[in-house]
Amino acid sequence: MEYIDLGVRNQPVLLFGGSYSNAHATKAMINWATENKIADDHRIMTGDAVAYCAHPNETIDLIRKSGAAMVAGNCEKQLAIDAQDCGCGFEGGSLCNLLSVGWYSFTTSLLRTDLRQWMKTLPDIAIFTHQGLRAAVIHGGVSDIARFLWPNSPQSEFEFEIKLLQEYVGQIDLVIAGHCGFAFTRQIGPVTWINAGTIAMPENRGDPRTRFAVLERKAVRFHYLDYDHFAASQAMRNAGLNQGYDKSLVDGYWPSEEVLPADLRRERAIG
Ligand SMILES: [Fe+2]
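Since this is a predicted model, take the numbers as computed values, not measurements.

Novice: Please clarify how the coordination of the iron ion should be interpreted in this entry.
Specialist: The textbook angles at a metal center are 109.5 degrees for a tetrahedron of four donors and 90 or 180 degrees for an octahedron of six. Within the first shell, the iron ion binds the protein through Asp48 (OD), Asn74 (OD1), His139 (NE2) and His179 (ND1), at distances of 2.0 to 2.2 Å. One way to put it: the four donor atoms around the iron ion meet at angles of 84 to 149°, and that makes the site irregular. When the donors of the iron ion are listed by position in the chain, the intervening gaps give D-x25-N-x64-H-x39-H. Here asparagine 74 lies in helix 3 (residues 74-80) and aspartate 48 lies in the loop between strand 3 (43-45) and helix 2 (56-66), a separation of 26 residues in the sequence. The exposure class assigned to aspartate 48 is buried, which follows from its relative accessible area of 4%.

Here it is as structure tokens:
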């Protein structure tokens, strides 16, 4: 595991994840950060800069230009080595797997060589200190970069990942994660697990807004990102990415719920 220490970040820290090649959402996120005076070096991203949407190169360029520090997501790991799939671990033949094949081949055919090289330089873990709290930023899990830790996953699964993480980086107070697509916090003994959510895909409850987090004076607060999701969706269809995620940007529901625990599925959202 490669990790970097970003040092001290005592001002409000923007925490966001999953920009998924959605340049519209990414631009809105960066504009929000600028309007709210989040310093360039206080912006931290949990990975998966590219995935489902239409603008992989533009999205990465926006993030890099914004000054945000970033850990690798499974998408960056896979694209960096020109792998055949996104490495999400979807079962062969599943709808999730079929959907990922569509965007992944689109992304890999467009991705600039310099960005593929840049992906190879991304760390697995980033450490920083905020107001005396030591935080570790990861993507999914430590045992598996693409591990899904949901808001309602068993406590033991979080404990396992925290123990492993501390073997690499020492004592921590906060974990900042991404990957699963839901923003949440869980208190796991003395450690607060924060999933910063994804800015480019809604949380499967019929609301097209996405979420991100700000860590300020030791407390985390989630915010909604309201951006031009119609334009992002149209850009996907213009690019031939019309397999279902284009609709998700507008109606707020995932095209497949196969990977989701029962409590996070649509029936729960409607009922
Ligand atoms: Fe991921």
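Here the narrative resumes, following the displayed structure.
Novice: Would you explain the packing of aromatic side chains in this entry?
Specialist: Think of a pair of aromatic rings as described by two things: how far the centres are apart, and how the planes are tilted against each other in angle. All told, the structure shown has 10 aromatic pairs when counted by the stated rule. On the numbers, 6.2 Å between centres and 80° between planes, the contact of phenylalanine 158 with phenylalanine 184 is edge-to-face. Remark: phenylalanine 184 occurs in strand 8 (residues 183-188) and phenylalanine 158 occurs in helix 6 (residues 155-169); sequence separation between them is 26 residues. Neither residue differs from the other here; phenylalanine 158 and phenylalanine 184 are each classed as buried. Between phenylalanine 182 and tryptophan 254, the aromatic rings sit 5.4 Å apart at their centres with planes inclined by 45°, giving tilted as the arrangement. Of this pair, phenylalanine 182 sits in the loop between strand 7 (174-177) and strand 8 while tryptophan 254 sits in the loop between helix 8 (245-251) and helix 9 (266-270); the two residues are 72 residues apart in sequence, bridging distant segments of the chain. Since its relative accessible area comes to 15%, tryptophan 254 is described here as buried. Feature note: the residues Tyr20, Tyr52, Trp103, Tyr104 and Tyr245 constitute an aromatic cluster, connected by ring pairs.

Reading the values: rules and limits
Residues numbered from 1 in each chain as written. Predicted model: local features only at pLDDT ≥ 70, side-chain atom pairs only at ≥ 80, totals over all residues. Heavy atoms only, no water. Donors = N, O, S within 2.8 Å, 3.2 Å for Na, K, Ca; no water. Tetrahedral: all angles 85-135°; square planar, octahedral: opposite > 155°, others 65-115°. Helix = DSSP H or I, 4+ residues; strand = E, 2+ residues; numbered from the N terminus. Buried < 20%, exposed > 50% of the residue type's maximum accessible area, 1.4 Å probe, protein only. Phe/Tyr/Trp six-rings, centres within 6.5 Å; stacked < 30°, edge-to-face > 60°.

Remember that the coordinates give geometry; whether it matters functionally is a separate question.
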